[in-house]
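Structure assessment
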Amino acid sequence: MALCIASAMAQQTPANGLSGLDLDQLARIKITTVSRKPEPISQAAAAVFVITQDDIVRSGATSLPEALRLAPGLQVARVGTREWAISSRGFNDQTTNKLLVLIDGRAVYSPLFAGVYWDVQDIPLGEVERIEVILGPGATLWGANAVNGVINVIRRKSDDTPGGRLAVTGGSEERFAAGGRYGTRVGAAGSVRLYGRYVNRDESARVGADDASDNWSFGLGGARFDRLLPKATRLSLEGELYGGSGGEPQVLPTTSPPFTRVTDGDVSVGGGHVMARWAREISDRSDITLQAYYDRSTREQPDFFGRLVVDIVDFDFQHRFGLGSRNGVVWGLGYRLVHDNVSGALPVAFDPASRTTNLATGFLQDDIELEPERWFLTLGAKLEHNDFSGFELQPNARLLWRPGRVHTIWSAVSRAVRSPSRVDSDIRELAQIAPEPVPITILVDGSRQFRSEELIAYELGYRRELSQNLSADVALYYNHYDHLRSVQPQPPDPASPTALRFVVSNGAEGESYGGTVAGTWRVSSSWRLRASYTYLHMFAADQGRARGRRGGRAAGPQSLA
């Protein structure tokens, strides 16, 4: 059934005019995710794509994951009413752990498995200014988990959204959704925005079977305050609360025949965050930014892992300045404290049930103009220390050549790591009970010896404006992965002859290569066509097999969800 849509607006924000820009103007849109400084898309030495608010409105997307389908090279798959599998350049599943997702610079991942719970990232799309998507490593600036890509969702400042807006949708599966906001000025230099969203979705329909029992209801509300201060300084404060609940069907192991049981199950989520950002622009080439946030999330799934509570406190400092006429330096420091508690239940528990971890980071990057307007070299590195694997160094080198105004050629070599999580180190899982003549219990344990997964990436890209209304973007890559997560069988325990135990380890390696070709044709001021093609080839296996065989396809070692 088609959706019915109604909206009411008062003092609607004027259109940002992006729909009327030609391709040359679009290429000059400033982005910040690639180098942590404003720079035109055309001068970014990375495979980067921008989804604007205008793109989101034209697409009809109603959720953040749906909007991400607009980015070439991203793999976006829906799993039921609330879950998604989203990744870049492979390793895509519901527990993807090699893609870093940021919302206004705040990392939205769970330290439980180093991935994203997409069901609680259901932010109002009307608040989004743009989404910057990097295909490939971004670890030098953004740290661990920015292995295969970075998604940075940048929301509008409150002074860009005056007045009110209300949107309501309804349908047979997407039963009901409503979102609204109201913004107003506060004094001569301040502004505030209040916003909220609620969604209710019916169970997923399955062909030739009953519905999937995964109905979902979710709501959030928040506020943002922005104020301009003297000396080109801006202060931003924001806070948000959310909650949701629904069904979660599970196939769980049991200790009696038939050794599995199907349960409709329930899942409930809740949490929120507060964040403050202070930024001062010293000159066109120099600025300072301070950011701090506190995030709390809870998730209850009684039939699976019980109750999870995570508290995160994060501080981030960044300084950008010019060094001479040809060097642009950006450096920063960061600290993150994470405290979690998992109540534990059959079949998943953690040992210890509660843990506090620390992450300290520092990075330095220099953008060097080798030849004015033509050759640019970027050198940088990030040093991190985490409580699981100790120190990690993640360097990169990027070279950009502009032989003409409409041509850009770039290349990059990077190292990135996916640091260990609680799943790797502390999990205790009853994975399966095999109905042999004598039932065999299959157990999976985490390992304190688990080290970071590593990537060495080689990239090459080309952009060209074929005409004022036609452009093309090509990005190629080769990735080599080492110390990938696997599970290794352990010797039989005479004291437990009916138990087969596996331990999480770094026993696999792999490689992938491919690329993305994307083109944009601006047919008219109100009509734009986009097309893209992405190719991905992957090979992963245990380290012995990987060294003896390169190319082709092979199933890797059993991975741990």
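Residues numbered from 1 in each chain as written. Predicted model: local features only at pLDDT ≥ 70, side-chain atom pairs only at ≥ 80, totals over all residues. Heavy atoms only, no water.

Some words on the overall build of the chain
- When helices and strands are tallied, the chain shows 6 helices and 32 strands.
- In terms of C-alpha radius of gyration, the chain reaches 24 Å, essentially the compact-globule figure of 24 Å for 561 residues.
- Each of the 561 residues in the chain was classed as buried or not, and the buried ones make up 53%.
- Partitioning the intrachain contacts of the chain with sequence separation of at least 6 by distance along the chain shows that 60% fall at a separation of at least 24.
- As displayed, the chain has an accessible area near 24200 Å², and 58% of this comes from carbon and sulfur atoms.
- In the chain, which carries 61 positive and 63 negative side-chain charges, the distance between the mean positions of the two groups comes to 5 Å. (Helix = DSSP H or I, 4+ residues; strand = E, 2+ residues; numbered from the N terminus. Rg over C-alpha atoms; globule rule 2.2 N^0.38 Å. Buried < 20%, exposed > 50% of the residue type's maximum accessible area, 1.4 Å probe, protein only. Contact = heavy atoms within 4.5 Å. Areas by Shrake-Rupley, 256 points an atom, 1.4 Å probe, with all protein chains shown as cover. Lys, Arg positive; Asp, Glu negative; His and termini not counted. Charge placed at Lys NZ, Arg CZ, Asp CG, Glu CD.)

Section: unusual backbone geometry
- Geometrically, the link from Asp351 to Pro352 is a cis peptide bond, its omega value of 5° lying close to zero.
- The topology assignment puts Pro352 in the loop between β22 (348-350) and β23 (354-371).
- Even without being glycine, Ala232 reaches a positive phi, approximately 55°.
- Positive phi is not limited to glycine here, since His483 has a value of about 60°.
- With respect to the helices, strands and loops of the structure, His483 is situated in strand β30 (residues 470-489).

Concerning the nonpolar core
- Core analysis: the biggest nonpolar cluster contains 33 residues, and Leu68, Leu74, Trp118, Ile131, Ile151 and Val153 have the highest contact counts within it.
- Breaking this core down by element, the ones donating at least two residues are β4 (47-52), α3 (64-68), β5 (74-79), β6 (83-88), β7 (99-103), β9 (128-135), β10 (149-155) and β26 (407-418).
- The leading source of residues in this core is β9, at 4 residues.
- Setting aside chain neighbours within four positions, we find Val153 in contact with Leu64, Leu102, Ile103, Asp104, Ile123, Val128, Arg130 and Ile131.
- In terms of nonpolar packing, the next biggest core, distinct from the first, is built from 32 residues, Ile31, Leu112, Phe113 and Val338 among them. (Core = buried A, V, L, I, M, F, W, Y, C linked by side-chain atoms within 4.5 Å.)

With respect to the confidence of the model for the chain
- Mean pLDDT over the chain stands at 87; residues scoring 70 or higher make up 90%.
- Taking the mean pLDDT of every element in the chain, the minimum, 39, falls on strand β1 (residues 4-10) and the maximum, 96, on strand β14 (residues 216-229).
- When the criterion is pLDDT under 50, residues 1-17 qualifies, and its contacts beyond four places in sequence or with other chains add up to 33 contacts.
- Every residue in residues 551-561 scores below 50 in pLDDT, and together they form 30 contacts with partners more than four places removed in sequence or on other chains. (pLDDT = per-residue confidence, 0-100.)

Re the side chain of Arg224
- Among the secondary structure elements, Arg224 is positioned in strand β14.
- Among the residues examined, Arg224 registers a relative accessible area of 6% and is labelled buried.
- Of note is the side chain of Arg224, whose polar atom sits 2.9 Å from the side chain of Asp226.
- The contact partners of Arg224, leaving out residues within four places of it in the chain, are Asp104, Arg155, Arg156, Lys157, Ser158, Ser191, Val192, Arg193, Ser236, Leu237 and Glu238. (Polar contact = N/O pair within 3.5 Å; in protein donor to acceptor, adjacent residues only side chain to side chain.)

Digging into the pairing of β14
- Of the pairings in the sheet, the one linking strand β13 (residues 190-201) to β14 comprises 12 bridges and is antiparallel in character. The residue bridging Arg197 from the neighbouring strand is Leu220, located in β14.
- Where β14 and strand β15 (residues 233-247) come together, 14 bridges link them in antiparallel fashion. In the strand pairing of β15, Gly219 is matched with Gly243.
- What sits between β14 and β15 in their antiparallel hairpin is a turn of 3 residues, with Lys231 showing a positive phi close to 60°. (Pairing = 2+ DSSP bridges.)

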